[in-house]
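Read off the chains here:
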Amino acid sequence: MTPDADLIIVGGGPAGAALATFMAQDGYKVIVIEKDIHPREHVGEALTPSTNLVLDRMGVLPKIEQAGFFHKPGVAWTAPRSKPWKCLAVRNSDYPSPDAVQTYSYNVEREDFDALLLRHAHEAGAKVVQGANVRNVLFEGDRAVGVRVAVTDGWARDLHARAVVDASGRRCLLASQLGLKKKDRSFNQFSIYSWWQGVAPAPESHRDFLFLHFLGLERAWAWHIPLRNGSFSVGVVADKADFKRSGRTHEDFFAGFIARNRTAVAAMGEAQRIRPWAIEGDYSYHMETLVGPGWLLVGDALRFVDPIFSSGVDVALYSAMFAHEALVTTWRGADEGLEFARYQRRVTQGVDVWYELTDLFYRFQLLFTLFLVTRDHRADMVRVLQGNPYLPETQAIARRLLGEMRDFYERTKGKDSLLRPAALSSDAI
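In this text the structure is predicted, and so the values were computed from the model without any measurement. Residue positions within a chain follow its written sequence, with the count starting from 1. Whole-chain, interface and lining totals are the exception, using all residues; otherwise, since this is a predicted model, local features are given only for residues with pLDDT of at least 70 and side-chain atom pairs are given and counted only at 80 or more. Computation of side-chain values covers all heavy atoms of the structure but excludes hydrogens and water.

Novice: Pulling in residues and values, what's your account of unusual backbone geometry?
Specialist: Cis rather than trans, the peptide bond between His-38 and Pro-39 has omega equal to 0°. Numbering of helices and strands runs from the N terminus; a helix is a DSSP stretch of H or I covering at least four residues, while a strand is a stretch of E covering at least two. With respect to the helices and strands, Pro-39 occurs in the loop between β2 (30-34) and α2 (51-58). Positive phi outside glycine occurs at Cys-172, with the angle close to 50°. Within the secondary structure, Cys-172 sits in the loop between β10 (155-166) and α5 (173-178). For each residue, the accessible area found with a 1.4 Å probe, counting protein chains only, is set against the maximum for its type, and the residue is called buried under 20%, exposed over 50%, and partly exposed in between. Under the relative-accessibility criterion, Cys-172 is labelled buried at 0%. If you check the backbone angles, Ser-310 has positive phi at about 55° while not being a glycine. Looking at the element boundaries, Ser-310 is found in the loop between β20 (295-297) and α9 (311-331).

Novice: Please provide a residue-by-residue account of empty space enclosed by the protein, values included.
Specialist: Method remark: on a 1 Å grid restricted to protein atoms, a set of points is classed as a cavity if a 1.4 Å probe fits but cannot get out and as a pocket if it is open with protein on both sides within 12 Å along at least five of seven lines; lining residues have an atom within 4 Å of a point. Grid points are joined across faces, edges and corners, and a volume is the space filled by probe spheres set on the points. Counted according to the given criterion, the structure contains three cavities of 30 Å³ or more. Estimated volume of the largest cavity: approximately 140 Å³. The residue makeup of the lining of the largest cavity, split by class, is six nonpolar, nine polar and two charged. Reported here for the second largest cavity is a volume of approximately 60 Å³. Taken together, Asp-300, Arg-303, Phe-304, Val-305, Asp-306, Ser-311, Gly-312, Val-315 and Val-351 make up the full set of residues lining the second largest cavity. The element that contributes the greatest number of residues to the lining of the second largest cavity is α9, accounting for three residues. Residue composition of the lining of the second largest cavity, by class: four nonpolar, two polar and three charged. Polar here means any residue outside two lists: the nonpolar Ala, Val, Leu, Ile, Met, Phe, Trp, Tyr, Cys and Pro, and the charged Asp, Glu, Lys and Arg; Gly therefore counts as polar.

Novice: Can you explain the packing of helix α1 (residues 14-25) against α2? Please cite residues and give values.
Specialist: In a pair of packed helices, the angle between the axes and the distance between the axes together describe the arrangement. Where α1 contacts α2, the two axes come as close as 10 Å, and the packing angle between them is 40°. Helix-helix and strand crossings are classified by hand; for α1 and α2 the assignment is left-handed. Across from Ala-17, Ala-18, Thr-21, Phe-22 and Gln-25 in α1, the residues of α2 making contact are Val-54, Arg-57 and Met-58. For helices, the fitted line uses only the C-alpha atoms of the stretch in contact; every axis is such a line through C-alpha atoms, and the angle between N-to-C directions lies from 0 to 180 degrees. Crossing handedness is read from the near helix: turned anticlockwise from the far helix by less than a right angle, it gives a left-handed crossing, and turned clockwise, a right-handed one. It only takes one pair of heavy atoms within 4.5 Å for two residues to be counted as in contact.

Novice: Give me the packing of α2 against α9: which residues, what numbers.
Specialist: Interaxial distance between α2 and α9 falls to 9 Å at its minimum, and their mutual angle equals 45°. The angle between α2 and α9 falls in the class oblique. Viewed along their axes, α2 and α9 form a crossing whose handedness is left-handed. Of the residues in α9, those touching α2 at Thr-51, Leu-53, Val-54, Leu-55, Arg-57 and Met-58 are Val-313, Asp-314, Leu-317, Tyr-318 and Met-321. For the contact of α2 with α9, the per-class residue count stands at eight nonpolar, one polar and two charged. An angle counts as roughly parallel when it lies under 35 degrees, as roughly antiparallel when it exceeds 145, as roughly perpendicular when it falls between 65 and 115, and as oblique in every other case.

Novice: Can you break down the packing of aromatic side chains residue by residue, with the values?
Specialist: Note on ring pairs: Phe, Tyr and Trp rings are taken, using the six-membered ring of Trp, and paired if centres are within 6.5 Å. Classes follow the plane angle, with under 30 degrees stacked, over 60 edge-to-face and the rest tilted. Under the criterion given, the structure shown has 18 aromatic pairs. Centroid distance Phe-190 to Phe-253: 5.9 Å. Interplanar angle 85°. Geometry classified as edge-to-face. Of this pair, Phe-190 sits in strand β12 (residues 189-197) while Phe-253 sits in helix α7 (residues 250-258); the two residues are 63 residues apart in sequence, bridging distant segments of the chain. Neither Phe-190 nor Phe-253 differs from the other in exposure class; each is buried. Among the aromatic residues, those joined into a ring-pair cluster are Phe-214, Phe-309, Trp-354 and Phe-361. In this structure, Arg-170 is placed above the aromatic ring of Phe-304, and the distance from its NZ or CZ to the ring centre is 4.7 Å. The side chain of Lys-181 reaches across the aromatic face of Tyr-285, ending 4.5 Å from its centre. When the NZ atom of lysine or the CZ atom of arginine is within 6 Å of a ring's centre and also within 35 degrees of its normal, the charge is said to sit over that ring.

So this is what it looks like as C-alpha cells:
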C-alpha cells in the first residue's frame with residue numbers, strides 16, 4: 001500500500017492548521033480534511049498572550065497583524081454591585097512573560113482568523129480539502145492507517161498515511177469512534193451569545209480591554225469582547241439547569257443575566273444585536289487517552305474545559321506544536337510509544353492547570369479577586385492567566401497559587417460567605 005500522505009489531519013481549525021503548517025514547513029506531505037468550507041462562524045474570539053509565541057513560530061503573526069485584528073492589552077473584571085466601569089484590570093505589559101513576543105494579544109473574528117490560518121497552511125505546502133467529511137479513521141489491528149472520506153452521498157474514498165491526527169474540534173471524531181470521550185460531570189455549563197453594535201465604550205483607561213462580568217451566582221458570568229469595526233461579542237455563561245428551569249426565551253434569559261451587573265447594564269443599554277443567537281452547551285469533557293499507535297488528538301478534540309480563561313486556542317496551538325515535535329522525532333528514529341506518551345504527559349499537565357483554575361474560579365470567584373489585588377500574588381496570577389501552562393516553571397507557579405488558594409479557603413471555612421459571589425459588593429473591586 002502506497003500512502004497518500006505522511007500525515008492526514010482531520011479538521012482545519014487552529015489546531016489542524018497549525019500542525020499542518022509545521023509539518024509542511026519540514027517538508028512532509030500533509031493532507032488536511034475539513035468538513036466545512038471556510039470562513040465559518042465559531043465562538044472563542046479572545047486569544048491569550050501566550051498564543052503569540054506559536055503564531056510567530058508558524059510565521060503567520062505578520063499576516064494576523066496585517067489583517068487588523070483588534071489588539072487586546074488586557075482583561076478587566078467587574079463585580080455585580082460595583083459602580084459602572086469600576087473594575088479590577090490586568091494589563092499584559094505590567095507582567096510580560098519571559099518569552100513574550102509582544103505585550104498585547106488579539107480579539108479575533110474566528111471565521112476570518114481560522115480561514116487565515118488554514119490558508120497559511122496551504123501556502124506552506126499542505127494540501128487542504130474543504131467540504132469533505134471524514135466518516136471514520138481506518139485501522140489495521142490497533143494502528144491507525146488512514147481515513148474514509150465522503151464528499152457527496154454515495155461516494156467515499158479511503159486515504160492512507162503514516163499517521164492520523166484528529167483535530168476535528170468538539171466533534172471529537174476519533175475519540176467518539178473509539179469510545180474514549182467522557183463527559184465532565186463537574187461542569188454543566190450553557191452559554192448564549194451574539195454580536196452587537198452600539199455597545200457603550202469603556203473609559204479611556206480600559207477602552208480596549210476584554211471585560212468579564214461577575215453576576216452574583218456561583219456558575220455564571222458574562223463576557224464582552226471588542227472586535228473590529230465597532231462590533232462586540234457579548235455572551236452569558238450559566239448552569240444549564242438554570243436555563244431549563246427558567247422557561248424564558250433566549251432574549252429574556254440573556255437580558256435577565258445582564259441585568260445582574262451594573263457595568264454590563266451600562267455597556268448594553270443602547271446595544272443592537274446584529275447576529276442570530278448562538279447557543280453552546282454540554283461542552284466540558286475529557287478523554288481516557290490522547291494517543292495510540294499511529295494517531296494523536298489535538299485541540300478541542302483532546303479536551304475542552306470552559307471558555308472563562310480563553311484557553312481554547314491556547315490548547316489548540318500548543319498541542320499542535322507538541323504533536324509536530326512528537327511526530328518528527330518519531331519519524332527520525334525515536335520510539336513512537338515513548339514520544340507519544342511524552343506528548344500526552346506534556347499536554348495533559350498543562351490542560352490540567354486550566355481545568356483546576358476554572359474549577360476554583362467557579363467555586364470561589366472572589367478568591368481570584370483577592371489574589372489579583374494582593375502584592376505577593378498579583379504577578380504570579382497574571383503570569384498564569386497569560387497562558388502556556390505547559391512550561392515547567394509556569395506549572396510550578398500555578399501549582400503554588402492553587403495550593404495557596406486552597407489553604408486560604410481552609411483557613412476561612414467558617415467565613416466562606418466572604419468568598420462567594422453573593423458577597424461581591426462595590427468594595428470588592
